[in-house]
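# Topology and contacts: notes
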Amino acid sequence: EILNLQKVIDTFPYTLTSADDKYTIFVNNVAANVSIDVPNGLVDNFSCVFVQEGSGEVTIQPSGTATVLKPATLQNVIKGQNYWAMIEKKITTDNYFLLGSLKVL
């Protein structure tokens, strides 16, 4: 049986690790503005999905030498409660693409 990998995070700032690869991460931020850090050196082809549970802002930001790329007209912030975002690492680079329901500039 293949399980859908899921976890809840509620301590911030939260730094992604290679162990988060292929997970759906429920962000339990209540009303707080929080950040999720995307470090360099995560496992090749890393990807995970975030679901925002709280009403505060969730910012997904690079750390180290990682680069988080997103559409030019959007922020690196999930749109709001019950919206989602995904981060995908390009093969072996430290370029991470942020996709999904993001706030408009």
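## Structural notes on the overall build of the protein chain
Secondary structure summary: the protein chain contains 0 helices and 11 strands in total. In the protein chain, the order of α-helices and β-strands from amino to carboxyl end is β-β-β-β-β-β-β-β-β-β-β. Expected size for 105 residues packed as a compact globule is a radius of gyration near 13 Å; at 13 Å, the protein chain falls within 12% of this value. Projected onto the principal axes, the alpha-carbon positions of the protein chain cover approximately 40 × 35 × 20 Å. The buried share of the protein chain, reckoned over its 105 residues, is 37%. Restricting to contacts in the protein chain with at least 6 residues of sequence separation, those with at least 24 account for 61%.

## So, unusual backbone geometry
The bulk of non-glycine residues show a negative phi, and the bulk of peptide bonds are trans. The omega torsion of the bond from F12 to P13 falls at -5°, within 30 degrees of zero and hence cis. Inspection of the secondary structure assignment puts P13 in the loop between β1 (6-9) and β2 (14-15). Even without a glycine there, the phi angle at K22 is positive, about 70°. Among the secondary structure elements, K22 is positioned in the loop between β2 and β3 (24-27).

## Remarks on the nonpolar core
Formed by 23 residues in total, the largest nonpolar core has its most connected members in L16, I36, V38, F50, I60 and I87. Going through the elements one at a time, β3, β4 (34-38), β5 (47-52), β6 (58-62), β8 (74-78), β9 (84-89) and β10 (95-100) are the ones with two or more residues in this core. Element by element, the count of residues in this core is highest for β4, at 3 residues. Apart from residues no more than four positions distant in its own chain, F50 is found in contact with L16, I25, V27, I36, I60, I78, Y83, W84, A85 and I87.

## Observations regarding a nonpolar patch on the surface
Taken together, L69, F97 and L99 make up a surface patch of nonpolar side chains, about 230 Å² in accessible area. With respect to the helices, strands and loops of the structure, L69 is situated in strand β7 (residues 67-69).

## As for the sheet that holds β3
An order of β1-β3-β5-β9-β10-β7 is seen for the 6 strands of this open sheet, with the pairing classed as mixed. Pairing within the sheet leaves two strands with one partner each, and these edge strands are β1 and β7. This sheet shows a mean twist of 25° between the axes of neighbouring strands, independent of strand direction. Bridge analysis of β3 against β5 gives 4 bridges, and the strand direction is parallel. Paired with V27 across the two strands is Q52, which belongs to β5.

## Points about the environment of K22
Residue class for K22 comes out partly exposed when judged on its relative accessible area of 45%. Separated by 23 residues in sequence, K22 and N45 have C-alpha atoms that sit 9.6 Å apart. Residues in contact with K22, not counting those within four places in the same chain, are L5, N45 and S47. At a separation of 3.0 Å, a polar atom in the side chain of K22 contacts the side chain of D21.

Conventions we followed
Residues numbered from 1 in each chain as written. Predicted model: local features only at pLDDT ≥ 70, side-chain atom pairs only at ≥ 80, totals over all residues. Heavy atoms only, no water. Helix = DSSP H or I, 4+ residues; strand = E, 2+ residues; numbered from the N terminus. Rg over C-alpha atoms; globule rule 2.2 N^0.38 Å. Buried < 20%, exposed > 50% of the residue type's maximum accessible area, 1.4 Å probe, protein only. Contact = heavy atoms within 4.5 Å. Core = buried A, V, L, I, M, F, W, Y, C linked by side-chain atoms within 4.5 Å. Patch = residues over 30% accessible without salt bridge, like charges linked within 9 Å, V, L, I, M, F, W, Y side chains within 5 Å. Areas by Shrake-Rupley, 256 points an atom, 1.4 Å probe, with all protein chains shown as cover. Salt bridge = Lys/Arg side-chain N within 4 Å of Asp/Glu carboxyl O. Pairing = 2+ DSSP bridges. Axes fitted to C-alpha atoms, helices over the stretch in contact; angles between N-to-C directions. Polar contact = N/O pair within 3.5 Å; in protein donor to acceptor, adjacent residues only side chain to side chain.

None of the figures reported here should be taken as evidence of function without further support.
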